[in-house]
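Below are the chains, spelled out letter by letter.
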Amino acid sequence: MRRYSAFAIAREAARYHSGWGKAWSSPEPKKKYDVIIVGAGGHGLATAFYLGRNFGITNVAVIEKGWLGGGNTGRNTTIIRSNYLQDPSAAIYEKSRSLYETMSQDLNYNVMFSPRGVMMLAQTQAEVRGYLRTAQANALQGVSTRFIQPAEVKKLVPIINLDGPRYPVLGALWQDRAGTARHDAVAWGYARACSDMGMDIIQQCEVTAVRREGGRVVGVDTTKGAIDCDKLGIVVAGNSGVMAERAGFRLPIESVALQALVSEPIKPCMDVVVMANTVHGYMSQSDKGEMVIGGGADGFNNYTQRGSFHHIEETVRALVETFPMVSRLKMLRQWGGIVDMTGDRSPILSKTPVEGVFINGGWGTGGFKATPGSGWAMAELMAKGHSPLTDEFSMWRFKEGKFIDESVAAGVAH
Amino acid sequence: MSTRLATGGRLLDKGRQVSFTFNGKRMTGCAGDTLASALLANDQVMMGRSFKYHRPRGVVASGAEEPNALVGLGTGARFEPNQRATTTELFEGLSAASQNHWPSLDYDIGAVNQAFARFLPAGFYYKMFMFPRVFWKHVYEPFIRQSAGLGKAPDAETRDADTYEHFHAYTDVLVIGGGIAGLQAALAAGRSGARVLVMEQTPHWGGRAPVDGGEVDGKPAEAFIDAAVAELEAMDNVTLRLRCMGAGVYDHGYVLGYERLSDHAPGADGPRHRLWRVRAGQVITATGAIERPLSFAGNDVPGVMLASALRDYVVNWGVSAGDRTVVVTNNDDAYRTALVLLDAGLNVPLILDARAGGGGALADEARARGIRVETGKGIAKVKGRARVTGVAICAQAGEGAVLEEVPCDAVAMSGGWSPVVHLWSHCGGKLNWDDALAMFRPDAGRAPTGHDGAPFVAACGAANGEFGLNAILKDANTAGQTAARATGHKPGRKGAPKASDAGDEAPLEQVWLMPQGANIKLRMKAWLDYQNDVKVSDVQLAAREGYESVEHTKRYTTLGMATDQGKLSNINGLAVLSNVLGQPIPQAGTTTFRPPYTPISMGAIAGEARGALFQPIRRTTVHDWHEAQNAYMEPVGHWRRPYCFPKAGESHEDAVQREVRATRDSLGLLDASTLGKLIVKGPDAGRFMDMMYTNMMSNLAVGKCRYGLMCSENGFLMDDGVVARLSDDTWLCHTTTGGAERVHAHMEEFLQTEWWDWQIFVANVTEQYAQFGVVGPNSRKVLEKLGGVDLSKEALAFMQWTEGTLAGIESRIFRISFSGELSYEVAVPASMGRAFWNKLLEAGKEFGVTPYGTEALHIMRAEKGFIMIGDETDGTVIPQDLGLNWAISKKKEDYIGKRAQARSYMTNPERWKLVGLETVDGSVLPDGAYAVGEGVNANGQRVVQGRVTSTYHSPTLERGIAMGLVLHGPDRMGEVLDFPRLDGSIVQAKIVDHVWFDKDGEKQNV
Ligand SMILES: Cc1cc2nc3c(=O)[nH]c(=O)nc-3n(C[C@H](O)[C@H](O)[C@H](O)COP(=O)(O)OP(=O)(O)OC[C@H]3O[C@@H](n4cnc5c(N)ncnc54)[C@H](O)[C@@H]3O)c2cc1C
């Protein structure tokens, strides 16, 4: 792999950048792989990456029905934080956040992880108490967070309106090493690293069936033909239910549209990420200058990757109320992704009723932040059959009633 | 020089001068100008700087597709960044400032980026800025953010001075676009009697036709437009809207329109923008087409413009971009510009036609009028930096060897036209590639479909890829008639008027790079996306590096992601990509078109719902009284409730403690009106109540009350409250303040989806009653003083209710207690709430009556050991965790949550259970603190064995008390647990019973 650096760029500039090779190759599928991962989103690629990096398993194919990173990985609002309440969540999200810290160097691809700080506003007494509890829990989980007072909120976010007529800002939960990253770059960086390890990333290839023999996976059918494998990882986010059905089991997952929007770019005016859960909206400013805005998920199931306007309206109202100057900006574009929601809004990282098939899904509205941690844990689960990070996220927890409910602390989980 | 012409300017009122400022400089234009045309009239061709390299940029287009001429408009609370000069109507006093430069438009430090352009190819930032690691956050990123960003941010404290509104409309046929196609479609649909709404984004009807020429029914197009508008205006079933853009098409015929009511007259009465939210039976997109630039070196130098735009400026606004214009084209249409320029007395030294065979009739006419036409030639390079000074000519087939240089001060380019297919595509309409016309056209066979599978969007006119006047009118007429028919109307037989056909035009030739073999130096100067500074070389690099999907290329290079959303660049970029990949264009496919068509203001999206109207506050009948007492209010659900009533100079804490003591000593009053009140009534109400609550409710006697628990399907405790049986078939359910709507919806969901055959009505009567807690040892006395109802122990025992006239006011009196005191809740009709409250205050004077707030309420319930939804529960807690098994009926076969509560983890003895907690030193435990156990878990997290659910200083016990959930808690009475504070120090607390106050209930039972 050709290393990326300022020197490499300078060298290439001399010959008008004619020497750069492909970031990843696009081979035809082989007959058989040790492991097939379905879905070349961030999670699927990260799973493949850590299978190679941590367990030396490189005879791997990542199969993608569209273009790599084109699912929710390329549609999300890139908030990365680990200030979760429940122990199993905090463990995997913090593992993930810490992997983001060095991801650019690990992948030799600048994913622009920007630990600019994430702030979750408390606008009711109940939220104040909820976030105080989260701060307490985080302290014991090794997650660095702090409850801050309104004056500090205003200092960090000059454009905020502390005394909205409706919900005054009473404080906030603040995680200063949380932030954002460039979503496409995460997928591309992993893809390049996987390709470099000799793995095959096969795009424009849909997995249409999972072939089984005696309750065990033996391969998959795809739009590019049949491919054999020993183990299969299903990492398809909004399509989890569909793929599970193809593998012969059912999941407690519903798919709904989640939308986001950006404003036109403006000069820097907000350096941190702010989430206002009482009013259902959150906002950050991208490095290009766009205000990146998101809110709640649509209330009905669908697979169209577009949402209704009503949620956009609600979200924008909430943000105009919280940051009044936003009223003078314009919405540049809106889009949607299909997110996979479980009953407790926490993910599933699990073995399945089919031997050799593993599932990683249900990240719903908040899985971008989990990308490296999820890949790390999933790789361990697939390689060793068990991982302390995934133990609590088994799909059978819904049968037992052992939920990992995060809505406790915050209505929205991005 | 760009300047105002003596002739032309059909949209201008030349008699009316309008003065404005640009970058502080005073200028004048005419009524009818856009900011762009007025700037051109003042020889201000350069209007901004690009995003990445800070290149000087002039206006290239004349409408919504403009990528360069963006300005900051207005000042103060009316400032707005990134306004397109081409769609900004000029008004007296307009003040505009160009963007993205420092210190000034003419001298911009950021322009040094151009010198480094070679080091900043597409995606360079993915390959560098990685070392040292900490530099990203502190050095690189701040620098990148500052140099990007385009327009200035409005001031942090800006409060928008304008208002906005939403408009809901229903129509059979919505026509988007008021050019001749839109007007003809509207006529065809309107004549059938269908309701028709027509939206046109500009302030004028007719679109391009008056500029492009041609005749309808033997008269100039303008005459047809006037007649059409007059006919439409006369129809009652037709609504016409100018300055109103179709912004987005959504599922089920839902369309957003964006009407700019007073952008051209800021400060005028009424809203600035109006968001139309339309349900349309059929949508017709008659949105026209947009001309494409050609990709040659220096195609971004100010003075290089779209050929059609130059024509617009001359005809519509009477301004020229330059005296000598070189035209460069791959099609016949650009010749029209040359002819228009000649007509206006301007000079066209040369037309470069990239087609070896040259043009048709229009080319002949140009030649006949003395213009030099060179075929098979193109531009190697544009000369000039901040302004075009000339062009270097080359053979289109070659690599760019310069044949000749021709001085000029403007360049008119045309690379063909792209239909505006955005609105067609928003909701899934598919496109076909038309190789002859080099454009994507709507595929009528794959239109967006509605709930019934039938198409609900149709494109017509240029938006459908039709370009001859006659063809356009026919196409539009059919579209209008079809839409009318689809919405149940009978269109007449009237056809479209006859129009002149485009003369003998030679076919366009695809030219995606000029010259075809341009070397890398030229390709690095050939812009695709002006605003984001994406060049031919960037797209080629992306493709070489494996970013082959059009979405990858777009994201890697940022092509088409600027504020113009690629209206000029997408097809050109796609073609360059396809060429590198050796694929036909349709195989590479387009990127997705997403709403809105052009950016719309957030203000308009938020509409009226701002400030006090954002989420209107629900007010109890005594809300004003609370405010008059300077109560400290907290938001609870959509209400505001008094947290406490501090007296002058009193802290909130002190006020709360005082309120508790006064209530326990004598008499407290609580405004409990916000608690939800749901009536459940009907023959099946009893069994329904048994399903909704864990308790048995069907056997509750009329006249009695019972505390009830409600669980979700997953078994978790979701709400609680006192249920009263009002009559044989009627129950009244009290819910928490925040829970009323949720519980109501929960009941309705089951009634509508599971037990739809049960005969029950549920009504939310929360606001029909004012309800007050009369609490404390003197509560009976004060109510007896009001008189009218026998409230003796014998007449009204604990957990009973009665009706009567108290103090002359019809009342329902519940003898219930959430504090452990003798206590009543009195419900009166909302209209009598304030009167009754006043009477209570008056009668209570002798007992030192004390209104108390939510915090005193919380403390008193905690002292008594009552749980609070939201404190002891958090969506993961089941009643069994809270020792509430007594409220779960063992006799019932089923209730919602029962099955879930039988699951293995729900019955696990390791679940944390409710206990009381007392700090060893009497202090107050921190909110949300956890009790730690030994060591760490498999993920390195500290092991915990319990947590605080609510914690207070109790004035009654004069110490900190808390409730919490603890592992094996009830079996560990007396054990001391460690609770770390956030600062790392430890508070120790003993496990105790969670009922502190009057355990045997003697007080409430007196
Ligand atoms: C609008 C929006 C905003 C969001 N904001 C945030 C945020 O701020 N922070 C955060 O942490 N998370 C956020 N999320 C959630 C986050 O995007 C997702 O949880 C995460 O990206 C999921 O990654 P993934 O790799 O599992 O899924 P994806 O990126 O969706 O990848 C799944 C892939 O599987 C492919 N696939 C599906 N079926 C098949 C098949 N049969 N054969 C082959 N391939 C198949 C798909 O094409 C897709 O590429 C947001 C999501 C949305 C939609």
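Caption draft 1: Here's a closer look at the sheet that holds strand β47 (residues 912-919) of chain B. The six strands lie next to each other as β48-β49-β50-β47-β52-β51 (chain B), forming an open sheet whose pairing is antiparallel. Where the open sheet ends on each side, the last strands, each with one partner, are β48 (930-936) and β51 (976-980) of chain B. Each strand axis lies, on average, 35 degrees off the axis of its neighbour in the sheet, ignoring direction. Strands β48, β49 (942-954) and β51 of chain B of the sheet are contacted by helix α5 (residues 125-141) of chain A, whose axis makes an angle of about 10 degrees with β48(B). Contacts between helix α25 (residues 854-863) of chain B and the sheet are confined to β49 and β50 (959-967) of chain B, with β49(B) contributing the most and set at about 115 degrees to the helix.

Caption draft 2: Spatial organisation of helix α9 (residues 309-322) of chain A. Residue and element names in this part refer to chain A. Compared with an ideal rise of 1.5 Å per residue, which puts 14 residues at 20 Å, α9 spans 20 Å between its outermost C-alpha atoms and is within 8% of the ideal. Most of α9 sits inside the fold, with eleven of its 14 residues counted as buried. Considered for burial, the residues of α9 that qualify are Phe309, His311, Ile312, Thr315, Val316, Arg317, Ala318, Leu319, Val320, Glu321 and Thr322.

Caption draft 3: Just the interface of chain A and chain B, in detail. In this assembly, 85 residues from chain A lie in contact with 91 residues from chain B. Those elements that provide at least two residues to the side of chain A that touches chain B are α1 (6-14), α3 (87-101), α4 (103-107), α5, α7 (183-196), α9, β16 (330-342) and α11 (397-400) of chain A. Note: β16(A) against strand β33 (residues 600-601) of chain B, two bridges, orientation antiparallel. Directly across from A:Met331, in β33(B), lies its bridge partner B:Ile600.

Caption draft 4: Seen up close, the sheet that holds β33(B). Within the open sheet, the nine strands sit side by side as β5(A)-β6(A)-β4(A)-β13(A)-β14(A)-β15(A)-β12(A)-β16(A)-β33(B). Their pairing is mixed. This sheet does not close on itself; its edge strands, each paired only once, are β5 (146-148) of chain A together with β33 of chain B.

Caption draft 5: Seen up close, the site of the ligand. All names here are of chain A. Close contacts around the ligand come from 41 residues, with Gly39, Gly41, Gly71, Gly337 and Gly367 the closest. The set of elements that each furnish at least two residues to the shell around the ligand consists of α2 (42-55), β12 (253-263) and β16. By residue class, the composition of the shell around the ligand is 14 nonpolar, 22 polar and five charged. Viewed by domain, the shell around the ligand spans two of them, domain 1 (31-109 + 182-253 + 344-400) and domain 2 (118-177 + 255-341), each represented by three or more residues.

Analysis parameters
- Residues numbered from 1 in each chain as written.
- Chains lettered and ligands numbered in written order.
- Predicted model: local features only at pLDDT ≥ 70, side-chain atom pairs only at ≥ 80, totals over all residues.
- Pairing = 2+ DSSP bridges.
- Helix = DSSP H or I, 4+ residues; strand = E, 2+ residues; numbered from the N terminus.
- Axes fitted to C-alpha atoms, helices over the stretch in contact; angles between N-to-C directions.
- Contact = placed C-beta atoms within 7 Å.
- Expected span 1.5 Å × (residues − 1).
- Buried ≥ 20, exposed ≤ 12 C-beta atoms within 10 Å, placed from the backbone.
- Near = placed C-beta within 6 Å.
- Nonpolar A, V, L, I, M, F, W, Y, C, P; charged D, E, K, R; others polar.
- Domains from an automatic or database assignment.

The values are spatial; any link to function lies outside them.
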